[in-house]
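Take a look at the letters that make up each chain.
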Amino acid sequence: MRLESLSMSPSTAFHTAIVPAAGLGTRFLPATKAVPKELLPVVDTPGIELVAREAAEAGASRLVIVSSPGKEAVAEYFRPNPELEANLESKGKTDLLEKVRRASSVIQVETAIQEKALGLGHAVGCAEPNLTGDDEAVAVLLPDDLVLPTGVLKTMAEVRRRHGGSVLCAFDIPRAEISAYGVFDVEDTDQDDVKRVKGMVEKPAAEDAPSTFAAAGRYLLDRAIFDALKRITPGAGGELQLTDAVALLISEGHPVHVVVHRGGRHDLGNPGGFLRAAVDFALDDPDYGPQLTEWLRSRLGVG
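Residues numbered from 1 in each chain as written. Predicted model: local features only at pLDDT ≥ 70, side-chain atom pairs only at ≥ 80, totals over all residues. Heavy atoms only, no water.

As named in an unreviewed UniProt entry, the chain is UTP--glucose-1-phosphate uridylyltransferase, taken from Labedaea rhizosphaerae. According to UniProt, the comment filed for the chain under the heading Catalytic activity (unreviewed entry) is "alpha-D-glucose 1-phosphate + UTP + H(+) = UDP-alpha-D-glucose + diphosphate". (UniProt positions renumbered as here; feature names shortened; annotations may be inferred.)

Talk me through the overall build of the chain; I want residue IDs and the actual numbers.
Summing up its helical and strand segments, the chain has 10 helices and 13 strands in all. Compactness check: the chain gives a C-alpha radius of gyration of 20 Å against a globular reference of 19 Å for 303 residues, within 12% of the reference. The principal-axis extents of the C-alpha atoms in the chain amount to approximately 60 × 50 × 40 Å. Burial status across the chain gives 47% buried among its 303 residues. Taking all contacts inside the chain whose residues are at least 6 apart in sequence as the whole, residues at least 24 apart take part in 77%. Roughly 14,700 Å² of accessible area belongs to the chain as shown, and the carbon and sulfur atoms make up 51% of that amount. (Helix = DSSP H or I, 4+ residues; strand = E, 2+ residues; numbered from the N terminus. Rg over C-alpha atoms; globule rule 2.2 N^0.38 Å. Buried < 20%, exposed > 50% of the residue type's maximum accessible area, 1.4 Å probe, protein only. Contact = heavy atoms within 4.5 Å. Areas by Shrake-Rupley, 256 points an atom, 1.4 Å probe, with all protein chains shown as cover.)

Could you give me a rundown of helix α10 (residues 289-300), with the residues and numbers involved?
Here α10 is 12 residues long and its end C-alpha atoms lie 16 Å apart, about the 16 Å a rise of 1.5 Å per residue gives. Counting buried residues in α10 gives 1 out of 12 residues, a small share hidden from the surface. (Expected span 1.5 Å × (residues − 1).)

Got a sec to walk through the environment of V159? Specific residues and values, please.
Summarising the element assignment, V159 is placed in helix α6 (residues 152-163). Remark: the alpha-carbon pair of V159 and V194, spanning 35 residues in sequence, is separated by 7.9 Å. For V159, the contacting residues outside a window of four places in its chain are G164, V167, V194, H257 and V259.

For the nonpolar core, give the residues involved together with the corresponding values.
Grouped together as the largest cluster of nonpolar side chains are 51 residues, with contacts concentrated most on L63, I107, L141, M156 and L220. Residue contributions to this core peak at 6 residues, all from helix α1 (residues 47-57). When neighbours within four sequence positions are excluded, L141 is seen to be in contact with A17, I18, V19, P20, V51, E54, A55, L153, G217 and R218. Counting residues in each nonpolar core, the second largest holds 36 residues, with V66, V186, L242 and V256 among its members. (Core = buried A, V, L, I, M, F, W, Y, C linked by side-chain atoms within 4.5 Å.)

Could you give an account of helix α8 (residues 242-251), with specific residues and numbers?
For α8, every residue scored as buried is listed here: L242, A245, V246, L248, L249 and I250. Looking at the buried residues of α8, the elements they touch are α5 (120-125), β10 (194-202), β11 (213-222), α7 (224-231) and β12 (256-260).

If you had to explain unusual backbone geometry to someone new, which residues and values would you point to?
Each neighbour pair has its own omega, and for L29 with P30 the value is 10°, a cis peptide bond. For P30, the position within the fold is in the loop between β1 (16-20) and β2 (41-42). For the bond from L148 to P149, the omega torsion is -10°, close enough to zero to count as cis. For P149, the position within the fold is in the loop between β7 (145-148) and α6. You will see that V43, though not glycine, has its phi angle at about 65°, which is positive. Looking at where V43 falls in the secondary structure, it is placed in the loop between β2 and β3 (45-46).

Just give me the short version of the packing of helix α9 (residues 271-283) against α10, but keep the residues and values in it.
In contact at an axis separation of 8 Å, α9 and α10 are set at 120° when each is read in the N-to-C sense. With respect to α10, the axis of α9 lies oblique. In contact with V279, A282 and L283 of α9, α10 contributes G289, L292, T293 and L296. Broken down by class, the residue content of the contact of α9 with α10 amounts to 5 nonpolar, 2 polar and no charged. (Axes fitted to C-alpha atoms, helices over the stretch in contact; angles between N-to-C directions. Parallel < 35°, antiparallel > 145°, perpendicular 65-115°, else oblique. Nonpolar A, V, L, I, M, F, W, Y, C, P; charged D, E, K, R; others polar.)

Residue-level account of the UniProt feature "domain: Nucleotidyl transferase" (unreviewed entry) in the chain, with values.
Feature annotation in UniProt places "domain: Nucleotidyl transferase" (unreviewed entry) on residues 17-280, given in this structure's numbering. For residues 17-280, helix accounts for 32% and strand for 27%, while the C-alpha atoms at its two ends are 26 Å apart.

Quick one: what's the story with the packing of α1 against helix α4 (residues 94-106), residue by residue and with numbers?
It is at 10 Å that the axes of α1 and α4 come closest, and there the two elements cross at 50°. What the angle tells us is that α1 and α4 run oblique. Where α1 crosses over α4, the two elements pack in a sense that is left-handed. Contact residues: E49, A52, R53 and A56 in α1; R102, A103 and V106 in α4. Its residues assigned to classes, the contact of α1 with α4 shows 4 nonpolar, no polar and 3 charged. (Left-handed = near helix turned anticlockwise from the far one by under 90°.)

Here it is as structure tokens:
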């Protein structure tokens, strides 16, 4: 599946997107001893660039990468490389030159540092000093999740314009698989795929799940989330969970809705999911797709 072409929105419900990227990528060791997981390529483009392009497509002008000490290469990827660009230009390699320049031109990137891994909520909170007075809401995109086709953030922004508050993305998961997810307790609205959230349950048994709508890695959060993050209690390991802060806002009457996304998803957080994403994107690539299709048919022994 290819990301849709960029189409900047003339107006947006948010200006800043936050990408928590401070993890050590332990499931990808030993590769991540030297290369941050976020820079591993899906075909030829790092996952972090795909997520940045999605944020820009939805109207974000700034990307705050929440990183950890030693992962400077993630932000460095978005900076121009004049020497490399001059080399490619002198050799007439215009296609490669365009690819190299793409990341530095798609969105303004800055960093926030999370010194210790204290949960997703803590990571999001680390980005608060980067915000300005114009940031009434922020988008949070988990870099392990590729939500396809892109565009769900635009829909979430429209739901926020209509209902206010915070808006999250959800997938409709088969009930037999629901125990692996955080699950929303919802009630219907006048739109089929927009639900009002009454609460959340983390990894319930299938028979106890309040719905089959599970949290995905896209959030559009009212700035009130940062105050809530300061008031929740750390859980196991001293971690602050973003879902606990959202639950606190719900309990205080803050409107929270989910948009049920009917597309696909790739999980870049583990090697198996990463390989599926790479194959999916490669099959759709005109340079690699035809030969890969032929090879896969031969390898699998199918006609």
